[in-house]
Amino acid sequence: FTYALNSGLHIVINASIGHLQRMRMPEFCDPSADAATKQKLEDGESLPAYRNLMSQAKTSYNAGQFDKAEGLILQAQRLAPQSADTYLYLSLVALQKNNAKNAESLARRGLSFAQTNTMKRQLWLTIQRAAQKQNNAKSVAESKNALKSL
């Protein structure tokens, strides 16, 4: 299966073993994409320092420097603790480090801050991948149902 998330994230999963073959970090989500009429929670994502740290994290992630990317994302998270993006990116790093349980937990936490259907979809897809890696049929089914409703 190939999942395309936002404009920059592409995931290829071998359906027989649930193996993650290739993934790039997504671009920043545009909260206006499907929430133009919703009140925007001030989450700190507009801070220049946050944007700079996330840009550096994306570069490190795409270069395979997952520990460095994780450190940068954690710094960004201190500036914007209610940013769903940081939880998404931390969960992607956890998947790359073969920590599916942590990846699922981080993505679920991100759902509590997600304001757009686009972000919710990305987080649910990450939960689904993490659940597949853990052979957790219940979480896979839950994520599939959530994705259908978005």
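Quick note: structure is the one above.
Residues numbered from 1 in each chain as written. Predicted model: local features only at pLDDT ≥ 70, side-chain atom pairs only at ≥ 80, totals over all residues. Heavy atoms only, no water.

Help me understand the pattern of salt bridges in this model?
Pairs may arise between side chains of opposite charge once their charged atoms sit close together. The full count for this structure, using the stated rule, is four salt bridges. One salt bridge connects Glu104 with Arg108, and the closest N-O pair in it is separated by 3.1 Å. With Glu104 and Arg108 both in helix 5 (residues 100-111), this residue pair falls four residues apart, about one helical turn. Owing to a relative accessible area of 28%, Arg108 belongs among the partly exposed residues under this scheme. Linked through salt bridges whose partners overlap, the residues forming this network are Asp67, Glu70 and Lys97. (Salt bridge = Lys/Arg side-chain N within 4 Å of Asp/Glu carboxyl O. Helix = DSSP H or I, 4+ residues; strand = E, 2+ residues; numbered from the N terminus. Buried < 20%, exposed > 50% of the residue type's maximum accessible area, 1.4 Å probe, protein only.)

Looking at this structure, I do not really get the environment of Leu125. What am I missing?
Within the element layout of this structure, Leu125 appears in helix 6 (residues 117-133). As for Leu125 and Glu104, which are separated by 21 residues in sequence, their C-alpha atoms are 9.9 Å apart.

Would you mind going over the packing of helix 6 against helix 7 (residues 137-149) with me for this structure?
A pair of packed helices is characterised by two quantities: the angle between their axes and the separation of those axes. Where helix 6 contacts helix 7, the two axes come as close as 8 Å, and the packing angle between them is 160°. The angle between helix 6 and helix 7 falls in the class roughly antiparallel. Here helix 6 and helix 7 pass one another in a crossing that is left-handed. Residues Arg121, Trp124, Leu125, Ile127, Gln128, Ala131 and Gln132 of helix 6 form the contact with helix 7, whose own contacting residues are Ser139, Val140, Glu142, Ser143, Lys144, Ala146 and Leu147. A breakdown of the residues in the contact of helix 6 with helix 7 according to their chemical character gives seven nonpolar, four polar and three charged. (Axes fitted to C-alpha atoms, helices over the stretch in contact; angles between N-to-C directions. Parallel < 35°, antiparallel > 145°, perpendicular 65-115°, else oblique. Left-handed = near helix turned anticlockwise from the far one by under 90°. Contact = heavy atoms within 4.5 Å. Nonpolar A, V, L, I, M, F, W, Y, C, P; charged D, E, K, R; others polar.)

When you look at unusual backbone geometry in this model, what are you seeing that I'm missing?
Leaving glycine out, the prevailing phi sign among residues is negative, and the prevailing peptide bond configuration is trans. Located in the positive-phi region is Asn98, a residue other than glycine, with phi close to 60°. Tracing the chain through its elements places Asn98 in the loop between helix 4 (84-96) and helix 5. Residue Asn135 is not a glycine yet carries a positive backbone phi of 55°. Classification of Asn135 as exposed rests on a relative accessible area of 69%.

Would you take a moment to explain the packing of aromatic side chains for this structure?
Working definition: an aromatic ring pair is given by the centre-to-centre distance plus the angle between the planes. Overall, the coordinates contain two aromatic pairs when judged by the stated rule. Both rings, one in Tyr61 and one in Phe66, keep their centres 5.2 Å apart while their planes meet at 70°; by these two values the pair is edge-to-face. Here the aromatic rings of Tyr87 and Phe113 are separated by 5.7 Å at their centres, their planes lie at 20°, and the arrangement is stacked. Residue Tyr87 is found in helix 4, and its partner Phe113 is found in the loop between helix 5 and helix 6; the two are separated by 26 residues along the sequence. The exposure class of Tyr87 is buried, given its relative accessible area of 11%. (Phe/Tyr/Trp six-rings, centres within 6.5 Å; stacked < 30°, edge-to-face > 60°.)

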